[in-house]
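# Examining the three-dimensional arrangement
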Amino acid sequence: MITIDNIHKSFGEVEVLKGVSLEVKAGEVVCLIGPSGSGKSTVLRCINGLESYDQGEISINSRRVDTHSKDINDLRTRVGMVFQRFNLFPHRSVVENVMEGPVFVKHEPRAQARQRAIELLEKVGLGDKVEAYPSQLSGGQQQRVAIARALAMRPDAILFDEPTSALDPELVGDVLTVMRDLAAEGMTMVVVTHEMSFAKEVADRVCFLYGGKIVEQGNAQSLLSAPQHERTQDFLRRVLNH
Amino acid sequence: MDFADISAFFPILLKGAVITVQITIGSLLLSTVLGLILALMKLSPVKAFAVTAGTIVNVIRGLPIIVQLFYIYFVIPELGIQLSAFQAGVIGLGIAYSAYQAENFRAGIEAIDAGQIEAAKSIGMKSRLIMRRVVLPQAFRITLPPYGNTSVMILKDSSLASTITVAEMTRAGQLIAASTFQNTTVYTMLALMYLALSLPLIFGVNRLERYFGKGVKGAGK
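Conventions we followed
- Residues numbered from 1 in each chain as written.
- Chains lettered and ligands numbered in written order.
- Predicted model: local features only at pLDDT ≥ 70, side-chain atom pairs only at ≥ 80, totals over all residues.
- Heavy atoms only, no water.
- Disulfide = S-S within 2.5 Å.
- Buried < 20%, exposed > 50% of the residue type's maximum accessible area, 1.4 Å probe, protein only.
- Helix = DSSP H or I, 4+ residues; strand = E, 2+ residues; numbered from the N terminus.
- Expected span 1.5 Å × (residues − 1).
- Contact = heavy atoms within 4.5 Å.
- UniProt positions renumbered as here; feature names shortened; annotations may be inferred.
- Buried area = accessible area lost by both parts, 1.4 Å probe.
- Salt bridge = Lys/Arg side-chain N within 4 Å of Asp/Glu carboxyl O.

## Observations concerning the state of the cysteines
All names here are of chain A. Counted under the stated rule, the structure contains 0 disulfides over all chains. With no disulfide of its own, Cys31 has Cys207 as its nearest cysteine by sulfur position, at a separation of 9.0 Å. Among the residues examined, Cys31 registers a relative accessible area of 0% and is labelled buried. Note on Cys207: relative accessible area 0%, which makes it buried.

## Considerations on helix H4 (residues 110-123) of chain A
Residues and elements named next belong to chain A. For H4, spanning 14 residues, the distance from its first C-alpha to its last is 20 Å, which sits close to the expected 20 Å at 1.5 Å a residue. Listing the buried residues of H4 in full gives Ala113, Arg116, Ala117, Ile118, Leu120 and Leu121. In this structure, the buried residues of H4 make contact with helix H3 (94-104) and helix H5 (139-151). Remark: Gly125 follows H4 within two positions and exhibits a positive phi of approximately 80°.

## As for the UniProt feature "transmembrane region" (unreviewed entry) in chain B
Residues and elements named next belong to chain B. As annotated in UniProt, the feature "transmembrane region" (unreviewed entry) corresponds to residues 12-41, 48-73, 79-100 and 186-205 in the numbering used here. Overall, residues 48-73 shows 92% helix and 0% strand. The separation of its end C-alpha atoms is 30 Å. Its end C-alpha atoms 29 Å apart, residues 186-205 is made of 100% helix and 0% strand.

## Topic: the interface of chain B and chain A
Listed as interface residues are 24 residues of chain B and, on the opposing side, 26 residues of chain A. Between chain B and chain A, roughly 2,200 Å² of surface is buried when both sides are summed, and carbon and sulfur atoms account for 55% of that area. Ranking the residues of chain B by area buried against chain A places Ser122, Ile123 and Arg133 of chain B at the top, with a combined share of 30%. The interface formed by chain B and chain A holds 2 salt bridges in total. A salt bridge links Glu100 of chain A to Arg133 of chain B; the nearest nitrogen and oxygen atoms lie 2.7 Å apart.

In structure tokens, the structure reads:
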């Protein structure tokens, strides 16, 4: 479904992606792990065209991702994104945040979009916060609204960019539960995360990035319990033992 | 100061006050439109727009308002365009303040977190829709308090139009004072009448500031 073929990307002089290739099949959950600066968030941002890439090719369902093409807006409606800092629209209520895309991008009738937004909010456990404003919610609640906002577009896949990194530890669980449910329903997900236990439990595949390359990838269980590469072993030792 | 003087002067000053308010509203509207255009030009990715707007803003800010008024009132007619003193006053103040408005608007738009734009993009919104639905509504809240302050300044600086013979409140006061020599009475009344116009505006701005400060704080956290 998502095909990344040997992409390179530089910010000025610094080459942050040095030939990354990755194939994500429909229904698959892929976790990207690695130390900060390894390029995992950049890979994710290239997939929906928030960053451009210099070489190689990314395609979604055989359509090329090009930041500067007209097609990009349509591609983005098919691939949702959830951000580390939630990025909810602070001037709109929770339900309006979720309705925004369906109403203004997909031109769905308001009443119908609202009905579905409420259903999605119930699904993520926020049926009682429909009319609240983002500033009245905890981080974990805001992130679940952000997930509902992505789901409202009925995407084929959702990208998660460190969705729990900005949360207080006690709020992480609720967000992961929602993500676990999505994975169980067969949503295609690419998740940049530091939550190793989540990766182990939910991911079909884990990719370890280091220095702008995928150093090692494989089945979540085997990669996390028996990493082959020295860099991976070193990284996992650090994150698991703190 | 006696009561007969006050009641004789008041209607004349009040007539001036009406013109003061008209100039203020007229130049506020003009400066808003011009300021918004200049701000969007300044933020445009097209470099020629940004440079042009930047130059215009600097030239306007570098000139005294009174010189701009003289220029519009005395020089423009020589180019064959006839303007009444009132029109010249509104246009002059509107242009003079468009530079400050442009800076207010630009600051408001730039204060929007980049994550807001990314979130909007990632649900497939096009840049014009992002401007309309995400950036401008938030920039509006940020811009309101400085916008209010600018309106207070325009109200006060509308008195400069007296120098190009517009019969607004200050001019009315000058004329009464010159013919009656009741300087104390006239200028005290004038000052009080300006305060009667500006203080409610200032209080209104303060309230807005408090009201909108609440919503914006904690946004996106």
